[in-house]
Amino acid sequence: MRRRTPPPPSPLPQRDGIDPVRVRLPGEGRWATVRDHLVERLSGAGAGVVDGMLRAGLVVGADGAAVPPDAPFVPGMFVWFHRELPAEVPVPFPLEVVHRDEHIVVVDKPHFLATTPRGSHVTETALARLRRELGIPALGAAHRLDRLTAGLLLFTVRPEERGAYQTLFRDRRVRKVYEAVAPYDPARAWPVTVRSRIVKERGTPAAFEVPGEPNAVSDIEPVQHRPDGLARYRLVPHTGQTHQLRVHMSALGVPILGDPLYPEVAPPGPAGDFRRPLQLLARELEFTDPVTGAHHRLRSGRELESWVAYARWAG
């Protein structure tokens, strides 16, 4: 099997914890210049934007030299540039480091902070923020949490080791325990194991259950309930489908407090609205380190606000 030649290292540094965009020109094509290809490839940006970047020397080759506006198209050539970053409202909550060594960093992520850059969330993400705050440009995410979910996230320090940690999560060799606050159903026999088939279609915000072979399994039980009708739940997912725990809690008739998608999709709130966060927390991670062999059992120090101060959360 023929191995692909790895791309050359980026000649541009990160900006605000974000890697530059790397573009490899196709092996063949009808374009006369690099500019012609970029205009077609970046059609959403418009020809004027591409022309402006080239005139300003913002598109560079592997040697770090600016690509001239009339540079001829060279099949397989790499170019780099920084994209214009969207204006973002800062997420006003800290990232707490709960474990750090020369291989991994585990943090306690707040609600509303995305894990990695995507869409309108770029610099206000856990990955970009940690790269800036810890001074580790090569930091990478081994797995993800929903933007609205708080709790433990594992990042890798060395790119060459990232695959080993990602494999832990892919092969379900990480024990994950979540906590949620939701209505209590005294008529249901607890604990329950929910098995269903969950589908998430591109372009739709919510996932949904369909008939068929289960691809999502969750153990769910209330560990405490109180007279106001709320309960604190312990949730253990055995699979990793998108929004799995949120879908399963809603299907049980006890949707998680603050969920804007389940059981019904609510209109998006204004940017910067950090009220009533989703009451879901990635409480524990337990695993054997694939590089060092050390056993880790890590626990979030956060509390779900609706459980400890409901009026403050609801207000």
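To keep things clear, this report deals only with the structure shown in the data block. In this text, all values refer to a predicted model and were calculated from it rather than measured experimentally.

Focus: the packing of helix α1 (residues 34-41) against helix α2 (residues 47-55)
Two elements in contact, α1 and α2, have axes separated by 9 Å at closest approach and are oriented at 140°. Considering the angle they form, α1 stands oblique to α2. Note on packing geometry: the crossing formed by α1 with α2 is right-handed. Contacts between α1 and α2 involve R35, L38 and V39 from the first element and A47, V50, D51 and L54 from the second. Considering only residue class, the contact of α1 with α2 consists of 5 nonpolar, no polar and 2 charged.

Some words on the packing of aromatic side chains
Enumeration over the complete set of coordinates arrives at 7 aromatic pairs. Judged by centre distance (5.3 Å) and plane angle (70°), the rings of F112 and F274 are edge-to-face. Here the residue F112 occupies a position in the loop between β4 (104-109) and α3 (126-134), and F274 occupies one in the loop between α5 (244-251) and β12 (280-288), the gap between them amounting to 162 residues. Of the residues examined, F274 reaches a relative accessible area of 21% and is grouped as partly exposed. One residue, R226, lies across the ring of W307, its end atom 4.1 Å from the ring centre.

Things to note about the side chain of R246
Considering the arrangement of structural elements, one finds R246 in helix α5. Given the relative accessible area of 3%, R246 is considered buried. A distance of 2.8 Å separates the side chain of R246 from the side chain of D259, its partner in a polar contact.

Remarks on the pattern of salt bridges
Under the counting rule described, the total for this entry stands at 24 salt bridges. We note a salt bridge from E161 to R158, for which the minimum N-O separation is 3.4 Å. A relative accessible area of 12% places E161 in the buried class. In this structure R158 comes out as partly exposed when scored by relative accessible area, which is 29%. Here R283 and E303 are joined by a salt bridge, their closest N and O atoms 3.9 Å apart. Separated by 20 residues along the polypeptide, R283 in strand β12 and E303 in the loop between β13 (295-299) and α6 (305-308) bring together distant segments of the chain. Residue R283 is classed as buried on the basis of its relative accessible area of 4%.

Rules used in this analysis
- Residues numbered from 1 in each chain as written.
- Predicted model: local features only at pLDDT ≥ 70, side-chain atom pairs only at ≥ 80, totals over all residues.
- Heavy atoms only, no water.
- Axes fitted to C-alpha atoms, helices over the stretch in contact; angles between N-to-C directions.
- Helix = DSSP H or I, 4+ residues; strand = E, 2+ residues; numbered from the N terminus.
- Parallel < 35°, antiparallel > 145°, perpendicular 65-115°, else oblique.
- Left-handed = near helix turned anticlockwise from the far one by under 90°.
- Contact = heavy atoms within 4.5 Å.
- Nonpolar A, V, L, I, M, F, W, Y, C, P; charged D, E, K, R; others polar.
- Phe/Tyr/Trp six-rings, centres within 6.5 Å; stacked < 30°, edge-to-face > 60°.
- Buried < 20%, exposed > 50% of the residue type's maximum accessible area, 1.4 Å probe, protein only.
- Lys NZ or Arg CZ within 6 Å of the ring centre and 35° of its normal.
- Polar contact = N/O pair within 3.5 Å; in protein donor to acceptor, adjacent residues only side chain to side chain.
- Salt bridge = Lys/Arg side-chain N within 4 Å of Asp/Glu carboxyl O.

On their own, these measurements won't tell you what the molecule is for.
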